[in-house]
Amino acid sequence: MVKADFGTDFQWGVSSAAFQTEGAWDADGKGPSIWDTFAHRKGKIKRGHCPDITCDFYRRYPEDVAFVKRMHIPNFRFSLSWPRILPNGIGKPNDKGLDFYDRLIDHCLAQGIMPWVTLYHWDLPQALQDRGGWANRDVLSWLSDYAACVAKRYGDRVIHWMVLNEPTVFTGAGYFFGVHAPGLTGLRNFFPAAHHATLAMGEVGRLLRLEIPEASVGSTFSCSSIHPAGSRRKDVAAAKRADTLINRMFIEPLLGMGYPVADLKSLRGIEKYMRAGDDALLPFDFDFIGIQNYTREVVRHSFFVPYLGARIWPAKHRRVQPVTEMGWEVYPEAIYEMIKKFSAYSNIPKIYVTENGAAFPDTLVNGRVSDDQRVQYLQSHIAQVLRAKREGYNVHGYFVWTLTDNFEWSEGYHPRFGLVHVDFDTQLRTLKDSGKWYGQFLSSQ
Ligand code: IFM
């Protein structure tokens, strides 16, 4: 497999996110985000890890962009920190925050690297959470004002825009399970948050297109290939419900298909939060969508799981190998299956894999990180992307998660996903063998 097998238009990249990398939590007028608040609550982050500094990308971005260039990666996806730009979420922008992204974007472009910008990768300004956050419908106007501000500022240089990162995860983990910020639980938080996130993708997509006519507008969706644990009818039905929740709930209303309530009855609860006219507001004709896949899930029927009646059968209980540091089964066919699944929707012009990668127990020995498992993971997943492309499915790009080791949300710093190793005590960066491999692959003919 060589890069040329994918054709010259195929987009190669690497992805990151503001909160996971920037640090500088209160520098130059930045306001607090829900993750600043949540991470400082006792017991919320494994081992008590603190995100205040993380990889200090705010100050060290030239060094990190130099790694992107060294690996011959033409596209760098990163997110903007909403509270760095609007410390209170709304109102007067913070000039120093805006300046930072000017510098970052200009620096990428000067290095020949295209910036791909995610507007929202989970770091809601705390001031807006104090007013209900995603559960308050006003989030639509808050996000729109923020989007208009950054579109005006960066729209002359940024073409690729993604509205939200993984709405399933930030609403599910943050507003239903309470294991991510803001730590809220239950359907009364999840349903309004989910509906507003879905509406927001369409609303803000339309706004970006108006503000930047030449923009390519998308949003990113987490997805997992869902396999029933066996052939029992109950397990097959449970897998279908899990697939509806995990893979279909957010994308289908945007594609004009409505919420998939027929296949997951408990989703009807979301209708309580819909207003007259919302059916017409939900659809949006994205230029592309990003799919983000790491593994598959094996699902069993479960009488004890409310609403879903299904339970994920974790890889460690299935005793499969290999698994990553996240406990996720390495199952490369999943990415092929997801490209195929999303390609079956008739109205998605382009699919990019905007995240795929793995955390393994990397060690720095004599200046080298020999992360063969990650090299194999990337090779086997990219081979499945090629398989999908060769079979005519609608995939046009692939981005590795992630550039540098960083703050993996409630898991803290332990899972290392980066192509570049970071020593969090000294901030020393070391290109891992996987980064060297990706660089060689991208420079191959
Ligand atoms: O680190 C996250 C990222 O923020 C969103 N997608 C999954 C990654 C790995 O868990």
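What comes next concerns the included structure. Keep in mind the model is a prediction, meaning the values are calculated, not measured.

**Regarding the nonpolar core**
Right, so step 1: Judged by nonpolar contacts, the single largest core of 135 residues is most densely connected at Trp 134 and Tyr 398.
Right, so step 2: The next biggest cluster of nonpolar side chains, apart from the first, holds 5 residues, and it includes Trp 116, Met 162, Phe 288 and Phe 399.

**With respect to the site of the ligand**
Right, so step 1: Taken together, the residues surrounding the ligand are Gln 20, His 121, Trp 122, Asn 165, Glu 166, Tyr 294, Trp 328, Glu 355, Trp 401, Glu 408, Trp 409 and Phe 417.
Right, so step 2: For the ligand, an oxygen atom lies 2.9 Å from a polar atom in the side chain of Trp 409.
Right, so step 3: Bound to the protein, the ligand loses 95% of the 280 Å² it would expose on its own.
Right, so step 4: In terms of residue class, the shell around the ligand is made up of 6 nonpolar, 3 polar and 3 charged.

**Looking at the sheet that holds strand S9 (residues 310–312)**
Right, so step 1: The sheet built from 3 strands is open, its strands ordered S6-S8-S9 with mixed pairing. Both outer strands of the open sheet, strand S6 (225–228) and S9, are each paired with one neighbouring strand and no more. For this sheet, the mean inter-axis angle between neighbouring strands, taken without regard to orientation, is 35°.
Right, so step 2: Bridging between S6 and strand S8 (residues 296–301) involves 4 bridges; their strand directions are parallel. Its bridge partner being in S8, Ser 225 is matched across the sheet by Arg 296.
Right, so step 3: Across the sheet, helix H10 (residues 233–248) touches S6, S8 and S9, and the angle it forms with S8 is around 130°.

**Regarding the sheet that holds strand S7 (residues 289–292)**
Right, so step 1: The parallel closed barrel is built from 8 strands, whose spatial order is S1-S2-S3-S4-S5-S7-S10-S11. Sheet twist, expressed as the mean angle between neighbouring strand axes with direction ignored, is 25°.
Right, so step 2: Examined bridge by bridge, strand S1 (residues 11–15) and strand S2 (residues 75–79) share 3 bridges and lie parallel to one another. Bridging from a neighbouring strand, Val 14 pairs with Phe 76 of S2.
Right, so step 3: Across the sheet, helix H5 (residues 95–110) is in contact with S2 and strand S3 (114–120); its angle to S2 comes to roughly 170°.
Right, so step 4: On top of the sheet, helix H15 (residues 372–390) reaches S1 and strand S11 (395–401); it is set at about 170° to S11, its chief contact.

**Focus: the layout of surface pockets**
Right, so step 1: Of the voids in this model, the second largest pocket is the one considered here, and its volume is about 160 Å³.
Right, so step 2: What lines the second largest pocket is Lys 3, Ala 4, Gly 7, Thr 8, Phe 10, Gln 11, Trp 12, Pro 74, Asn 75, Ser 444 and Gln 445.

**What to know about empty space enclosed by the protein**
Right, so step 1: Applying the stated criterion across every chain, the model contains 4 cavities of 30 Å³ or more.
Right, so step 2: If you trace the largest cavity, you find it lined by Ala 18, Phe 19, Glu 22, Gly 23, Trp 25, Lys 30, Asp 36, Pro 51, Ser 81, Arg 84 and Asp 123.
Right, so step 3: Broken down by class, the residue content of the lining of the largest cavity amounts to 4 nonpolar, 2 polar and 5 charged.

**Considerations on the side chain of Asn 394**
Right, so step 1: Inspection of the secondary structure puts Asn 394 in the loop between H15 and S11.
Right, so step 2: Here Pro 349 takes part through its backbone oxygen, which lies 3.4 Å from a polar atom of the side chain of Asn 394.
Right, so step 3: Beyond its immediate sequence surroundings of up to four residues, Asn 394 is in contact with Ser 343, Ile 348, Pro 349, Lys 350 and Ile 351.

**Remarks on unusual backbone geometry**
Right, so step 1: Of note, the bond from Ala 181 into Pro 182 is cis; its omega dihedral lies within 30 degrees of zero at 5°.
Right, so step 2: Looking along the chain, the bond that leaves Gln 321 and enters Pro 322 is cis, with omega of -10°.
Right, so step 3: A positive phi is found at Arg 319, a non-glycine position, where the angle reads about 55°.
Right, so step 4: By the secondary structure assignment, Arg 319 is in the loop between helix H13 (315–318) and helix H14 (333–343).

**A word on the packing of aromatic side chains**
Two aromatic rings are characterised by how far apart their centres lie and by the angle between their planes.
Right, so step 1: Across all of its chains, the model carries 43 aromatic pairs by this definition.
Right, so step 2: With a centroid separation of 5.5 Å and 85° between ring planes, the pair formed by Phe 303 and Phe 304 is classed as edge-to-face. Taken individually, Phe 303 and Phe 304 each receive the classification exposed, so the pair is uniform in this respect.
Right, so step 3: Here Trp 328 and Phe 417 contribute two aromatic rings whose centre-to-centre distance is 6.2 Å and whose plane-to-plane angle is 55°, an arrangement assigned as tilted. Placement of the pair is Trp 328 in the loop between H13 and H14 and Phe 417 in the loop between S11 and strand S12 (420–422), with a sequence separation of 89 residues.
Right, so step 4: Classification of Trp 328 as partly exposed rests on a relative accessible area of 26%.
Right, so step 5: A network of ring pairs unites the aromatic residues Phe 19, Trp 35, Phe 38, Trp 122, Phe 407, Trp 409, Tyr 413 and Phe 424 as a single cluster.
Right, so step 6: The positively charged end of Arg 296 is found above the aromatic ring belonging to Tyr 331, 4.2 Å away from the centroid.

What counts and what doesn't
- Going along each chain's sequence as written, the residues are numbered from 1 onward.
- It should be noted that, the model being predicted, local features are given only for residues of pLDDT at least 70 and side-chain atom pairs only at 80 or more, the latter also being counted only at that level, while totals for whole chains, interfaces and linings use all residues.
- Calculated side-chain values reflect all of the structure's heavy atoms, with hydrogen atoms and water omitted.
- Nine residue types can take part in a nonpolar core, namely buried Ala, Val, Leu, Ile, Met, Phe, Trp, Tyr and Cys, and a core is a set of them joined through side-chain atoms within 4.5 Å.
- The buried label applies to any residue whose accessible area, calculated with a 1.4 Å probe on protein chains only, is under 20% of its type's maximum; exposed applies above 50%, and partly exposed to all values in between.
- Put simply, a residue is near a molecule or strand once any heavy atom of it comes within 4 Å of that molecule or strand.
- As used in this structure description, the phrase polar contact means that two N or O atoms lie within 3.5 Å; if the pair is within protein, one of them must be able to donate a hydrogen and the other to accept it, and residues adjacent in sequence are counted only when both atoms belong to side chains.
- Per-residue and other accessible areas were derived by the Shrake-Rupley procedure at a 1.4 Å probe size, with only the shown protein chains allowed to occlude residues.
- Polarity classes work like this: nonpolar for Ala, Val, Leu, Ile, Met, Phe, Trp, Tyr, Cys and Pro, charged for Asp, Glu, Lys and Arg, and polar for all others, with Gly in that last group.
- Strands are labelled as partners when DSSP assigns at least two bridges between them.
- Helical segments are the DSSP runs of H or I of at least four residues, strand segments are the runs of E of at least two, and each set is numbered from the N terminus.
- Axes here refer to lines fitted to C-alpha atoms; in helices the fit is confined to the stretch in contact. Angles between the N-to-C directions go from 0 to 180 degrees.
- When checking whether two residues touch, look at their non-hydrogen atoms; a contact exists if any pair is within 4.5 Å.
- A pocket, in this scheme, is an open set of points on a 1 Å grid over the protein atoms alone with protein on both sides within 12 Å along at least 5 of 7 lines, while a cavity is a set where a 1.4 Å probe fits but cannot get out; residues line either one if an atom lies within 4 Å of a point.
- Grid points are joined across faces, edges and corners, and a volume is the space filled by probe spheres set on the points.
- Between rings of Phe, Tyr and Trp, where Trp is taken as its six-membered ring, a pair exists when centres lie within 6.5 Å; planes separated by under 30 degrees are stacked, by over 60 edge-to-face, and by other angles tilted.
- We call a charge positioned over a ring when the NZ of a Lys or the CZ of an Arg lies within 6 Å of the ring centre and within 35 degrees of the ring normal.

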